[in-house]
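# Overview (structure and organization)
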Amino acid sequence: MVHNGLTVTLRSHPAGPRLLVVTGDLDHHTSPGLRDAVEELPLEAGSGVVVDLSALTFCDSTGIAVLIAAHQRAQAAGASLALAGIDPDIARVFRIMGLDRLLSFYDTAEDAVRALAA
């Protein structure tokens, strides 16, 4: 799915979790693309989702709100959500905001998949 310069691709992983690969800028104009992709995910108790942000180049407060909403949706369904591959500058902003206490961060999508599959 492409939305104003943001690409969100859903992939399956052999270990079980679904992968949402996010590419581009996540901001006020593009966040509906990620929000729609998250809302379309079939979530159930025990399932997992990895949001691969390794190709994310920018994230504003609207994008952060979408990621928090994704976490809340997963929690409500009894599923796990992990963020992976966050650029160090973006990760720093997330840590300053305290999101590292709410969301699970992993260096790579594979690290996140292993953690969710464990």
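Criteria and cut-off values
Residues numbered from 1 in each chain as written. Predicted model: local features only at pLDDT ≥ 70, side-chain atom pairs only at ≥ 80, totals over all residues. Heavy atoms only, no water. Helix = DSSP H or I, 4+ residues; strand = E, 2+ residues; numbered from the N terminus. Rg over C-alpha atoms; globule rule 2.2 N^0.38 Å. Buried < 20%, exposed > 50% of the residue type's maximum accessible area, 1.4 Å probe, protein only. Phe/Tyr/Trp six-rings, centres within 6.5 Å; stacked < 30°, edge-to-face > 60°. Polar contact = N/O pair within 3.5 Å; in protein donor to acceptor, adjacent residues only side chain to side chain. Contact = heavy atoms within 4.5 Å. Arc of directions from axis to C-beta. Core = buried A, V, L, I, M, F, W, Y, C linked by side-chain atoms within 4.5 Å.

Helix and strand counts for the protein stand at four helices and six strands. Secondary structure elements of the protein occur, N-terminal to C-terminal, as β-β-β-α-β-α-β-α-β-α. Taken over the C-alpha trace, the protein has a radius of gyration of 13 Å; the compact-globule value for 118 residues is 13 Å, and the two agree within 12%. Summarising its shape, the C-alpha atoms of the protein cover approximately 30 × 30 × 25 Å along the three principal directions. For the protein, with 118 residues in total, the buried portion stands at 44%.

Tallied over the full model, the rule gives one aromatic pair. Ring centres of Phe 94 and Phe 105 lie 5.9 Å apart, and the angle between their planes is 35°; on these two criteria the pair is classed as tilted. Linking Phe 94 in helix 3 (residues 88-96) with Phe 105 in strand 6 (residues 104-106), this pair joins segments that are 11 residues apart in sequence. In this structure Phe 94 comes out as buried when scored by relative accessible area, which is 1%.

With that settled, the discussion passes to the side chain of His 13. Positionally, His 13 belongs in the loop between strand 2 (6-12) and strand 3 (18-26). For His 13, the side chain forms a polar contact with the side chain of Glu 110, separated by 3.0 Å. Leave out the neighbours within four places in its chain, and His 13 touches Leu 19, Glu 110 and Val 113.

Right, let's get into helix 3. The complete set of buried residues in helix 3 reads Ile 90, Ala 91 and Phe 94. Down the axis, helix 3 shows its buried residues gathered within 100° of arc, on one side only. Away from its buried face, by an angle of more than 90 degrees, helix 3 presents the exposed residues Pro 88, Asp 89, Arg 92 and Ile 96. Of the surrounding secondary structure, the elements contacted by the buried residues of helix 3 are strand 4 (48-59), helix 2 (61-77), strand 5 (80-84) and strand 6. Sitting at the amino-terminal end of helix 3 is Asp 87, which places a side-chain oxygen 2.9 Å from the backbone nitrogen of Asp 89.

So, about the nonpolar core. Counting residues in hydrophobic clusters, the biggest one holds 29 residues, and the most contacted among them are Leu 34, Val 51, Leu 53, Leu 67, Leu 83 and Phe 94. Dropping the residues within four chain positions of it, Leu 34 is found in contact with Leu 6, Val 8, Leu 20, Val 22, Leu 26, Val 66 and Leu 67. With seven residues, the next largest nonpolar core counts Val 50, Ala 109, Ala 112 and Val 113 among its residues.

In this section: the environment of Glu 44. Inspection of the secondary structure assignment puts Glu 44 in the loop between helix 1 (31-40) and strand 4. Along the chain, Glu 44 and Ala 74 lie 30 residues apart, while their C-alpha atoms are 8.1 Å from each other. Apart from residues lying up to four places away in sequence, Glu 44 is in contact with Ala 77, Gly 78 and Ala 79.

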